Amino acid sequence: EACIQRDPDRADAYLALADIRRKHGEFEDASRLYRKVLSLDPDHRLASTMLADVLMKQGQIEDAVGLLEPLANRTPVLDRTLLCLGQAYLQLKDYDKARDTLERLVGLDPEESAAHYALSRAYTRLGLHDESRAHREQFTRLSKSSREIQKTSREYDDARIVRGL
């Protein structure tokens, strides 16, 4: 907030504050701050995506899709944009669009565990249980790997603290 007071035209400061508000569940305030970022930088893709995420949390799924669809057609596309759009389509029960969007994300980033989880849900809704199972297994593998990396990192950091490094 001090940064904003010193320079009220710094979009990145509003973005950082909006992210904090979103993480604390203060969606109205986060929405206002993301909109402020967009008033300063209308092409800020991350702010648009995060605003859409907040709108989804507030049940405004169609509004979120309206923000995300144009972003999904721009290059380069943010992984987070495709994930949010795929999740929005799932909430709207448009499972074909959800599948297509999430498959696109997996094609761009095969290690994105959340995409595999969402894709598993889409395939289940489409009655494609083998595909659903494959993505659920991929999600589990990636999540387990991520937990192992976090555990190893914590153990490494703990060892460094003990050694005084």
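No experiment lies behind these values; they were computed from the predicted model shown.

## Re the pattern of salt bridges
Opposite charge on two side chains allows them to pair when their charged atoms are near.
Link 1 in the chain: Counted according to the given criterion, the structure contains eleven salt bridges.
Link 2 in the chain: Linking Arg22 and Asp53 is a salt bridge whose minimum nitrogen-to-oxygen distance equals 3.8 Å. Of this pair, Arg22 sits in helix H2 (residues 11-23) while Asp53 sits in helix H4 (residues 45-57), and the two are 31 residues apart along the sequence.
Link 3 in the chain: We classify Asp53 as buried; its relative accessible area is 4%.
Link 4 in the chain: Several salt bridges share partner residues, and in doing so they unite Arg21, Glu26, Asp29 and Arg32 into one network.

## Quick notes on the packing of aromatic side chains
Link 1 in the chain: Scanning the model with the defined rule gives one aromatic pair in all.
Link 2 in the chain: When the centroid spacing of 5.1 Å and the interplanar angle of 50° are considered together, the rings of Tyr117 and Phe139 count as tilted. With a gap of 22 residues between them, Tyr117 in helix H8 (residues 113-125) and Phe139 in helix H9 (residues 129-163) connect regions that are remote in the sequence.
Link 3 in the chain: A residue is classified by how much of its surface remains accessible, and Tyr117, at 42% relative accessible area, is partly exposed.

## Comments concerning H4
Link 1 in the chain: Given a rise of 1.5 Å per residue, 13 residues ought to cover 18 Å, and the 19 Å separating the end C-alpha atoms of H4 matches this to within 8%.
Link 2 in the chain: Across the 13 residues of H4, ten count as buried, placing the element largely inside the fold.
Link 3 in the chain: Among all positions of H4, only Ala47, Ser48, Thr49, Met50, Leu51, Ala52, Asp53, Val54, Leu55 and Met56 are buried.
Link 4 in the chain: Of the surrounding elements, those touching the buried residues of H4 are H2, helix H3 (27-40), helix H5 (61-72) and helix H6 (79-91).
Link 5 in the chain: One or two residues past the end of H4 sits Gly59, with phi positive at roughly 85°.

## A few points about the confidence of the model for the protein
Link 1 in the chain: Averaged over all residues, the pLDDT of the protein is 89; the fraction at 70 or higher stands at 85%.
Link 2 in the chain: With pLDDT under 50 throughout, residues 159-165 is counted as low confidence; its partners more than four residues away or in other chains account for one contact.

## Thoughts on H3
Link 1 in the chain: Given a rise of 1.5 Å per residue, 14 residues ought to cover 20 Å, and the 20 Å separating the end C-alpha atoms of H3 matches this to within 8%.
Link 2 in the chain: By the burial criterion, the buried members of H3 are Asp29, Ala30, Ser31, Leu33, Tyr34, Val37 and Leu38.
Link 3 in the chain: Elements in contact with the buried residues of H3: H2 and H4.

Definitions and limits used
Per-chain numbering applies: the sequence of each chain, read as written, is numbered from 1 onward. Only residues with pLDDT of at least 70 get local features here, since the model is predicted, and only at 80 or more are side-chain atom pairs given and counted; chain-wide, interface and lining totals rely on the full set of residues. Side-chain calculation: all heavy atoms of the structure are included, whereas hydrogens and water are not. The salt bridge criterion pairs a side-chain nitrogen of Lys or Arg with a carboxyl oxygen of Asp or Glu, the two atoms within 4 Å. Each helix is a run of DSSP H or I of at least 4 residues and each strand a run of E of at least 2, with the numbering of both proceeding from the N terminus. Classification of residues uses two cut-offs on accessible area relative to the type maximum, computed with a 1.4 Å probe and protein chains only: under 20% is buried, over 50% is exposed, and between them is partly exposed. Only Phe, Tyr and Trp rings are paired, with Trp represented by its six-membered ring, and only when their centres lie within 6.5 Å; those with planes under 30 degrees apart are stacked, over 60 edge-to-face, the remainder tilted. In this scheme, a helix's expected span is set at 1.5 Å multiplied by one less than its residue total. Residue contacts are defined here by distance: any two heavy atoms, one from each residue, within 4.5 Å place the two residues in contact. Confidence of the prediction at every residue is given by pLDDT, a number between 0 and 100.

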